[in-house]
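Chain by chain, the residues run as shown.
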Amino acid sequence: MYGDCEAISSMGGNMVVSSETLFTSTFQNPNFTYLPLEPLPPMIPKEENGSLLRGKEEMKSGSESELQETTEQPLKKKRYHRHTAHQIQELEAVFKECPHPDDKQRMKLSQELGLKPRQVKFWFQNRRTQMKAQQDRSENVILRAENESLKSEFYRLQAELSKLVCPNCGGPPVPGGVSFDELRIENARLGEELERVCAIASRYIGRPIQTMGALMPPSLELDMNIYPRQFLEPMPPTLYETPSYPDNNNLILMEEEKTIAMELAMSATDELAKMCRTNEPLWVRNNETGKEVLNLDEHSRMFHWPLNLKQRSSEFRTEASRDSSVVIMNSITLVDAFVDANKWMELFPSIVARAKCVQVISQGVSGTNGCLQLMYAELHVLSPLVPTREAYFLRYCQQQNVEDETYWAIVDFPLDGFHNSLQTPFPLYKRRPSGCLIQDMPNGYSRVTWVEHAEIEEKPIHQIFSHFVHSGMAFGANRWLAVLERQCERIASLMATNIPDIGVIPSPEARKNLMRLSQRMIRTFCVNISSCSGQVWTAVPDSSDDTVRITTRKVSEAGQPNGLILCAVSTTWLPYPHHHVFDLLRDERRRAQLEVLSDGNALHEVAHIANGSHPGNCISLLRINVASNSSQHVDLMLQESCTDKSGSLVVYSTVDVDSVQLAMSGEDPSCIPLLPLGFFITPMELMNDGGCKDEANGHNITTGSLLTVGLQVLAKTIPSAKINLSSIAAINNHLCTTVQQISSALSSNCIGYCNDGDNGKEK
């Protein structure tokens, strides 16, 4: 139609031709001689195509028209007939049921509605045309969107393809014009040429030359065929190269979603406060274990906000726990640590492997009050046998006044409750409203009430950690609060200036630097022996209980020795209370009994820093007394031990005198290389039917512990090297010997201990 209008406009200069004139009047031009022709007989249109012109006019004007028959007079102006609302309603109702009525149905409709059969017929034709046009427009929109999506994907793949490099030489990728068949032919030709050159060279030097093996450096690849179970390939890189966080480009809240998030934050805060303050029937105490259990039916009845409206899936297991304690830190400092992802990781190194603030939704007022953040976190247990838990969640911080009491609420709540497009990348861990209430107390202390609530679709867990995880001890409120209490004591010790230290610590600044160096050693050990950051661990089939795992890391940055690090971790059940195991491993005088750990050398403490009220919470600088030591060369060991009701850690690393002097002189200790080794001791209760007691070493016991040993060695000084089989066998034997010597030492030291009547104290 537009082409015809343009043609007519060009013929008539500036003449404007309306659509009505174009379709209803004869074409007249004063410069054109019109030759009248015989009038054409009237044409009766077919059912579908004859009324196309009339149908277009009716669709455009929104009315129905009836063409008046004219046989004797010239073409007259059309008269339009507009259907009533009742007629259109009835026609629409019939059209929904039958878009193609037959003659009888059209006749019946015309009689009921007072229309002519032709009017009914043309109305249905026009209505079908409208429907088809609407469908075409909808399909065009969809196809246009798909086309744009395919274009974007094509451009993205083109950009990625341009960035590819050859994994062997680091050069540009093979051009697309070269096929794999051509490469195979070229490879075969080069192989034949190499054999010919080697044959010629062997005639001159008088001895045969191998074609490939002698010309290439010896490979240190592992031959895994000797093991009944094949090792996983390739070994993972170190997490210190570039910590890779999951892609969160689609996890950014828009402006309209921020309002919903703030409303849900208020609801989540109210739920957390009630869960912290309400006892029965919401929380029911188990008389056998003494722990509180969440009543799920009562919880669903009390809280009706959107996150609780979804039906709980039978595939998910619910974990809920609550605990309360007093910590030596004021509320402002605690809140600041929770809203800063880096400080939060430092506060919980044995629980939080990685954390990141993805988006600040609300800055809050008067500091952190009203702050809302979109967070990512990966939680871990210090063993590769327990999979990590990863989640995106919203963290809200608010100060409230209830019953003349002022407290801070830190609440975490999930994303999937209000925005379906924000799918978290780890659906196996659904974090329900959890967090803590912090109330200031005199003398800078705070009372913290903690609630953990989550739904978990479990990954496979090794049976040795099954009870530890399923009982809620691994990620429950009790462990969070126990670690917080101990870490607050450590921070208080770091900031204190009136704590007397023992040994060669020249100044308070030297003391702080040594504590920071030890904190980095603890965190490095924790992340290196767990399955965080996607580390791939390989089972060693020689272990009898299938608990030994090994992995490698390539380190080329400051903070650890550069090269290829081989790490091995083993977990063993010990029928002894965890504080007995902790006392053996932390005491340098008793640990000297373990030849595999001290190499038969005595250890002498030259510096001591107290980290808390428990005597086992301390940092020690130990001198290794070996015959080769002289005034010019002294071997030192940095060790930190810490314990609480959730478990204990003993971590140590060898350091040279120059590095210690650098730290004590006030320089930044972050460049000092550390390769920590250590132990993680977890208290466990024996699960016995009928309350009976097990026997071990001739006496009854009711408690035990899990001992996780983590060893690391610098296998190769070149990060790109490969680990040979002898290195794996050596560290595996060293690990097994360590566990055996610890078990033997505990057995000999615990002969005087008994759990009946004296709670395991020495007689």
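No experiment lies behind these values; they were computed from the predicted model shown.

Along its length, the chain carries 19 helices and 24 strands. Taking contacts inside the chain between residues at least 6 apart in sequence as the whole, the part at least 24 apart equals 66%. Total accessible area on the chain is roughly 42,100 Å²; 54% of this is exposed by carbon and sulfur atoms.

On to the pattern of salt bridges, then. Scanning the entire structure with this criterion turns up 22 salt bridges. A salt bridge links Asp 103 to Arg 106, with the nearest nitrogen and oxygen atoms 2.2 Å apart. One end of the pair, Asp 103, and the other, Arg 106, are both in helix α5 (residues 103-113), three residues apart, so they sit about a helical turn from each other. Take Asp 103: its relative accessible area is 55%, and that puts it in the exposed class. Glu 292 serves as the salt-bridge partner of Arg 322, at 2.8 Å between the closest nitrogen and oxygen. Here Arg 322, found in strand β5 (residues 317-327), pairs with Glu 292, found in strand β4 (residues 292-294); they are 30 residues apart in sequence, far enough to count as distant. Taking relative accessible area as the criterion, Arg 322 reaches 11% and is therefore assigned buried.

What follows covers the environment of His 604. Along the polypeptide, His 604 turns up in strand β17 (residues 602-610). The sequence separation of His 604 and Arg 623 amounts to 19 residues, and the corresponding C-alpha distance is 5.1 Å. For His 604, the contacting residues outside a window of four places in its chain are Leu 621, Leu 622, Arg 623 and Asn 625.

All right, on to the nonpolar core then. If you look at the biggest cluster of nonpolar residues, it comprises 48 residues, and the most contacted ones within it are Trp 344, Phe 348, Trp 450 and Leu 484. For this core, the leading source of residues is helix α13 (residues 477-495), giving six residues. If sequence neighbours within four positions are ignored, Leu 484 has contacts with Val 327, Leu 334, Leu 347, Phe 348, Val 448 and Trp 450. Core analysis: the second largest hydrophobic core is formed by 33 residues, Leu 564, Leu 574, Tyr 652 and Val 709 among them.

So, about a nonpolar patch on the surface. There is a patch of nonpolar side chains on the surface, built from Ile 328, Met 441 and Tyr 445 and spanning about 220 Å² of accessible area. Mapped onto the secondary structure, Met 441 falls in the loop between β11 (434-440) and β12 (446-456). Overall, Met 441 belongs to the partly exposed group, its relative accessible area being 33%.

Our next topic: the pairing of strand β15 (residues 549-555). Counting buried positions along β15 yields six of seven residues, so the element is predominantly enclosed. The pairing of strand β14 (residues 538-539) with β15 spans two bridges and is classified as antiparallel. Within β15, the residue paired with Ala 539 across the bridge is Arg 549. Both β15 and strand β16 (residues 563-574) contribute to a ladder of seven bridges, which runs antiparallel. Each residue of the ladder has a partner; that of Lys 554, found in β16, is Leu 564.

Residue Pro 281 is bonded to the preceding Glu 280 through a cis peptide linkage, with omega at 5 degrees. Summarising the element assignment, Pro 281 is placed in the loop between α8 (255-277) and β3 (283-285). The backbone of Asn 443 sits at a positive phi, close to 65 degrees, despite the residue not being glycine. Here Asn 443 is to be found in the loop between β11 and β12. Residue classification places Asn 443 among the exposed positions, given a relative accessible area of 74%. At Ser 533, a position not held by glycine, the phi torsion is positive, near 60 degrees.

Turning to the packing of α13 against helix α14 (residues 508-528), a few remarks are in order. Between α13 and α14, the shortest axis-to-axis distance is 10 Å and the interhelical angle comes to 150 degrees. The angle between the axes of α13 and α14 places the two elements in the roughly antiparallel class. Contacts between α13 and α14 involve Gln 487, Arg 490, Ser 493 and Leu 494 on the former and, on the latter, Arg 511, Lys 512, Met 515, Ser 518 and Gln 519.

The next subject is the environment of Tyr 445. Structurally, Tyr 445 can be placed in the loop between β11 and β12. The class of Tyr 445 is partly exposed, set by a relative accessible area of 33%. As a C-alpha pair, Tyr 445 and Asn 330 span 115 residues in sequence and 5.3 Å in three-dimensional space. Non-local contacts of Tyr 445, meaning those with residues more than four positions away in its chain, are made with Val 326, Val 327, Ile 328, Met 329, Gln 439 and Asp 440.

All right, on to the packing of aromatic side chains then. Counting across every chain of the model gives 14 aromatic pairs. Between Trp 123 and Phe 124, the aromatic rings sit 5.2 Å apart at their centres with planes inclined by 80 degrees, giving edge-to-face as the arrangement. Judged on exposure class, the residue Trp 123 and its partner Phe 124 are both buried. Between Trp 344 and Trp 480 the ring centres are 6.2 Å apart and the planes differ by 10 degrees, which places this aromatic pair in the stacked class. Of this pair, Trp 344 sits in helix α11 (residues 341-347) while Trp 480 sits in helix α13, and the two are 136 residues apart along the sequence. Accessibility classification places Trp 344 together with Trp 480 in one group, the buried group. It is Arg 395 that lies over the ring of Trp 344; its NZ or CZ is 4.1 Å from the centre. Against the face of Phe 393 rests Arg 431, its NZ or CZ located 5.5 Å from the ring centre.

Let's shift gears to the pairing of strand β18 (residues 618-625). Among the eight residues in β18, six count as buried, and that is most of the element. Pairing of β17 with β18, which is carried by eight bridges, proceeds in the antiparallel orientation. When the bridges of β18 are listed, His 604 appears paired with Arg 623. Summarising the sheet, β18 and strand β19 (residues 635-644) pair through six bridges and their orientation is antiparallel. Looking at β19, one finds that Ile 619 is bridged to Glu 640.

Rules of the game
- Residues numbered from 1 in each chain as written.
- Predicted model: local features only at pLDDT ≥ 70, side-chain atom pairs only at ≥ 80, totals over all residues.
- Heavy atoms only, no water.
- Helix = DSSP H or I, 4+ residues; strand = E, 2+ residues; numbered from the N terminus.
- Contact = heavy atoms within 4.5 Å.
- Areas by Shrake-Rupley, 256 points an atom, 1.4 Å probe, with all protein chains shown as cover.
- Salt bridge = Lys/Arg side-chain N within 4 Å of Asp/Glu carboxyl O.
- Buried < 20%, exposed > 50% of the residue type's maximum accessible area, 1.4 Å probe, protein only.
- Core = buried A, V, L, I, M, F, W, Y, C linked by side-chain atoms within 4.5 Å.
- Patch = residues over 30% accessible without salt bridge, like charges linked within 9 Å, V, L, I, M, F, W, Y side chains within 5 Å.
- Pairing = 2+ DSSP bridges.
- Axes fitted to C-alpha atoms, helices over the stretch in contact; angles between N-to-C directions.
- Parallel < 35°, antiparallel > 145°, perpendicular 65-115°, else oblique.
- Phe/Tyr/Trp six-rings, centres within 6.5 Å; stacked < 30°, edge-to-face > 60°.
- Lys NZ or Arg CZ within 6 Å of the ring centre and 35° of its normal.

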